[in-house]
Amino acid sequence: MLTSLDNPKIKELIKLKQTKERKKEKKFIVEGKHLVDEACKLNLLIDAYSIEEKEGYTQISKQIMDKIASTDTTVSEIGLCKMIEKKELSNKIIILDAIQDPGNLGAIMRSANAFGFNTIILGEGTVDIYNPKVIRASQGAIFKLNFINKNIIEFLNEIKDYDIYGTSVINGIELDKIKKNEKIAIILGNEGNGINKDILEKLNKNIYIPMLNTESLNVSIAASIIMYELR
């Protein structure tokens, strides 16, 4: 059993709680049996650690686990994973402009995985996908999607063969009136400010969800409805 914070492996795991260290080492941590199992299935698991004695796991003390994990309650196991490699663009793409809430990003990942939007473009200001709260909220979807960090305006110039839609009522088309083409890219804006005006100026198509009795939806809910309709 590992019990010392001075152990090199433990030091590495603790450092990975910082975004800059994750980017530098190209590694991240997942917490809980479900996520460890998912990482193992997809050959992304480097090492696994547990507070119990288990085959294939390095046993660590509860105190060490509490130091590494990000939750208030003790988790029984964690996994050290390698970052997902970039893949070719899918036909259906979600583009995120400064989505800041980890729970929203994780929920968007789950819906993207469910409805076939297999590439997610991470624009400037978007929360780190390897943030522990994002990973937990994704419920394993993080392992199954293609993530690319890009300047959104530059990226729009690279995908001229896609139908690109912003999400805005201004000059917007009702969601159910959209032609379901093979190649579609949807831009989702910041929770408080929507899509950056410089990006909106590059678009000639916006969509909106017709609603009763409310003016707006949480971005992850809106994203789910849009992806379901255009799946």
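Placed above this text is the structure.
Residues numbered from 1 in each chain as written. Predicted model: local features only at pLDDT ≥ 70, side-chain atom pairs only at ≥ 80, totals over all residues. Heavy atoms only, no water.

I would appreciate a short explanation of the overall build of the chain in the present structure.
A count of helical and extended segments in the chain gives nine helices and 11 strands. Along the first, second and third principal axes, the C-alpha set of the chain runs to 60 × 40 × 30 Å. Seen as two clouds, the 33 positive and the 32 negative side-chain charges of the chain have centres 2 Å apart. (Helix = DSSP H or I, 4+ residues; strand = E, 2+ residues; numbered from the N terminus. Lys, Arg positive; Asp, Glu negative; His and termini not counted. Charge placed at Lys NZ, Arg CZ, Asp CG, Glu CD.)

So what exactly am I meant to see when it comes to the side chain of N190 here?
Within the secondary structure, N190 is located in the loop between β10 (184–188) and α8 (197–200). Here Q100 takes part through its side chain, which lies 3.4 Å from a polar atom of the side chain of N190. Not counting the four nearest positions on each side in its chain, N190 is found in contact with D97, A98, I99, Q100 and I195. (Polar contact = N/O pair within 3.5 Å; in protein donor to acceptor, adjacent residues only side chain to side chain. Contact = heavy atoms within 4.5 Å.)

Is there a simple way to explain the sheet that holds strand β7 (residues 146–149) in this structure?
Two orientations exist for strands paired in a sheet by backbone hydrogen bonds: parallel and antiparallel. Strand order in the open sheet made by the seven strands is β7-β6-β5-β10-β8-β11-β9, with parallel pairing throughout. Edge positions in the open sheet fall to β7 and β9 (172–174), since each of these has one partner strand only. Shown here is a sheet whose adjacent strand axes are inclined to one another by a mean of 30°, direction ignored. Both β9 and strand β11 (residues 206–208) contribute to a ladder of three bridges, which runs parallel. Each bridged residue has a counterpart across the sheet, and for E174 the counterpart in β11 is Y208. Together, β5 (92–96), β6 (119–122), β7 and β10 form the strand contacts of helix α5 (residues 102–115), whose direction differs from that of β5 by roughly 175°. Most of the contacts of helix α9 (residues 219–229) go to β10, to which it runs at about 165°, and overall it touches β5, β8 (163–167), β10 and β11. (Pairing = 2+ DSSP bridges. Axes fitted to C-alpha atoms, helices over the stretch in contact; angles between N-to-C directions.)

What is the right way to read the nonpolar core from this model?
Among soluble globular proteins, nonpolar side chains are generally buried collectively. In this structure, M109 and I186 are the most contacted members of the largest nonpolar core, which totals 44 residues. Of all elements in the fold, only β1 (27–31), α3 (33–41), β5, α5, β6, α6 (132–138), β10 and α9 reach the threshold of two or more residues within this core. A total of five residues in this core trace back to one element, the largest contributor, which is α9. Counting 15 residues, the second-largest nonpolar core is a separate cluster that includes I93, L156, I164 and A185. (Core = buried A, V, L, I, M, F, W, Y, C linked by side-chain atoms within 4.5 Å. Buried < 20%, exposed > 50% of the residue type's maximum accessible area, 1.4 Å probe, protein only.)

Looking at this structure, I do not really get the pairing of β5. What am I missing?
Regular strands place side chains that alternate from one sheet face to the opposite one. Counting buried residues along β5, five of its five residues qualify, which places the element largely inside the surrounding structure. The alternating pattern of β5 places K92, I94 and L96 and I93 and I95 on opposite faces, both of which are buried. Examined bridge by bridge, β5 and β10 share five bridges and lie parallel to one another. Its bridge partner lying in β10, I94 is registered against I186. The pairing of β5 with β6 spans four bridges and is classified as parallel. Among the inter-strand pairings, L96 is bridged to a residue of β6, identified as L122. Assessed by its sense of winding, the connection that carries the chain from β5 through α5 to β6 is right-handed. (Right-handed = clockwise from strand over helix to strand, strands pointing away.)

Limitation: the analysis is restricted to geometry and does not speak to function.
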